[in-house]
Amino acid sequence: MTFDQRATIGFQTAQLARLISLRLREGLAPLGLMPAQAAALIEIGARPGLTQKELVERLEVEQPGVARTLNGLEAEGWIFRESRGGRAQGLYLSDRAAAVVPDAVKVTAEINRRVLGELSRTEQANLVDALEELIRDLKARQDLPS
């Protein structure tokens, strides 16, 4: 029996992620944003005052990457931080970011629509549900390397 790595979920999802990331980079470039920056700004815009820890949880990515993204966004004037008491700092959009976030949402939604365009609404929902289930199960499994 031959093993075809191209027929694995890992290979296929990596290809899909790479292609979507490329489209997002192209679509967001005119706004002056990279995909990770847009994702952070969209979350902050939807939940003003959320903390870096909360953002990490919402985006389900590693803290060091979020810290780098936020530091860059702050240095470029996209966001600012305000104390929420104690050590916690809330994250807020600058006026510049607030003006661009709706366009970033449109670009992201349009790319998502185009990627899923050949699938019916039911197929789209089933695909997303299946992927969420795979992710949830993989996070819970202890018998596989992390």
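This is a predicted model, so every value here is computed, not measured.

Draft legend 1. Summary view of a negative patch on the surface. There is a patch of like negative charges on the surface, built from Asp129, Glu132, Glu133 and Asp137. Within the secondary structure layout, glutamate 133 lies in helix H6 (residues 121–140). Given the relative accessible area of 43%, glutamate 133 is considered partly exposed.

Draft legend 2. Summary view of the confidence of the model for the protein chain. Mean pLDDT over the protein chain works out to 94, with 99% of the residues at or above the 70 mark. The spread of mean pLDDT over the elements of the protein chain runs between H6, the lowest at 93, and helix H2 (residues 35–46), the highest at 98.

Draft legend 3. The arrangement of the packing of aromatic side chains in detail. With the rule as written, the count across this model stands at one aromatic pair. Centre to centre, the rings of phenylalanine 80 and tyrosine 92 are 5.6 Å apart; their planes meet at 20 degrees, and the pair counts as stacked. One end of the pair, phenylalanine 80, is in strand E1 (residues 79–83); the other, tyrosine 92, is in strand E2 (residues 89–93), and 12 residues separate them in sequence. Overall, the relative accessible area of 23% leaves tyrosine 92 in the partly exposed class. We note arginine 96 situated over the ring of tryptophan 78; from NZ or CZ to the ring centre the distance is 3.7 Å.

Draft legend 4. Looking closely at unusual backbone geometry. Unusually for a residue other than glycine, glutamate 60 sits at a positive phi of about 55 degrees. Here glutamate 60 is to be found in the loop between helix H3 (52–59) and helix H4 (63–75). On the accessibility criterion, glutamate 60 (56% relative accessible area) is exposed.

Draft legend 5. Examining the layout of surface pockets more closely. Its boundaries defined by the atoms lining it, the largest pocket holds a volume of some 1,700 Å³. Forming the walls of the largest pocket are 36 residues, and the residues nearest its centre are Ala17, Ile20, Leu59, Leu131 and Ile135. Breaking the lining of the largest pocket down by element, the ones donating at least two residues are helix H1 (9–28), H2, H3, helix H5 (95–116) and H6. Split into classes, the residues belonging to the lining of the largest pocket amount to 24 nonpolar, six polar and six charged.

What counts and what doesn't
- Residues numbered from 1 in each chain as written.
- Predicted model: local features only at pLDDT ≥ 70, side-chain atom pairs only at ≥ 80, totals over all residues.
- Heavy atoms only, no water.
- Patch = residues over 30% accessible without salt bridge, like charges linked within 9 Å, V, L, I, M, F, W, Y side chains within 5 Å.
- Areas by Shrake-Rupley, 256 points an atom, 1.4 Å probe, with all protein chains shown as cover.
- Salt bridge = Lys/Arg side-chain N within 4 Å of Asp/Glu carboxyl O.
- Lys, Arg positive; Asp, Glu negative; His and termini not counted.
- Charge placed at Lys NZ, Arg CZ, Asp CG, Glu CD.
- Helix = DSSP H or I, 4+ residues; strand = E, 2+ residues; numbered from the N terminus.
- Buried < 20%, exposed > 50% of the residue type's maximum accessible area, 1.4 Å probe, protein only.
- pLDDT = per-residue confidence, 0-100.
- Phe/Tyr/Trp six-rings, centres within 6.5 Å; stacked < 30°, edge-to-face > 60°.
- Lys NZ or Arg CZ within 6 Å of the ring centre and 35° of its normal.
- 1 Å grid on protein atoms, 1.4 Å probe; cavity = no way out; pocket = protein on both sides within 12 Å on 5 of 7 lines; lining within 4 Å.
- Points joined across faces, edges and corners; volume = space filled by probe spheres on them.
- Nonpolar A, V, L, I, M, F, W, Y, C, P; charged D, E, K, R; others polar.

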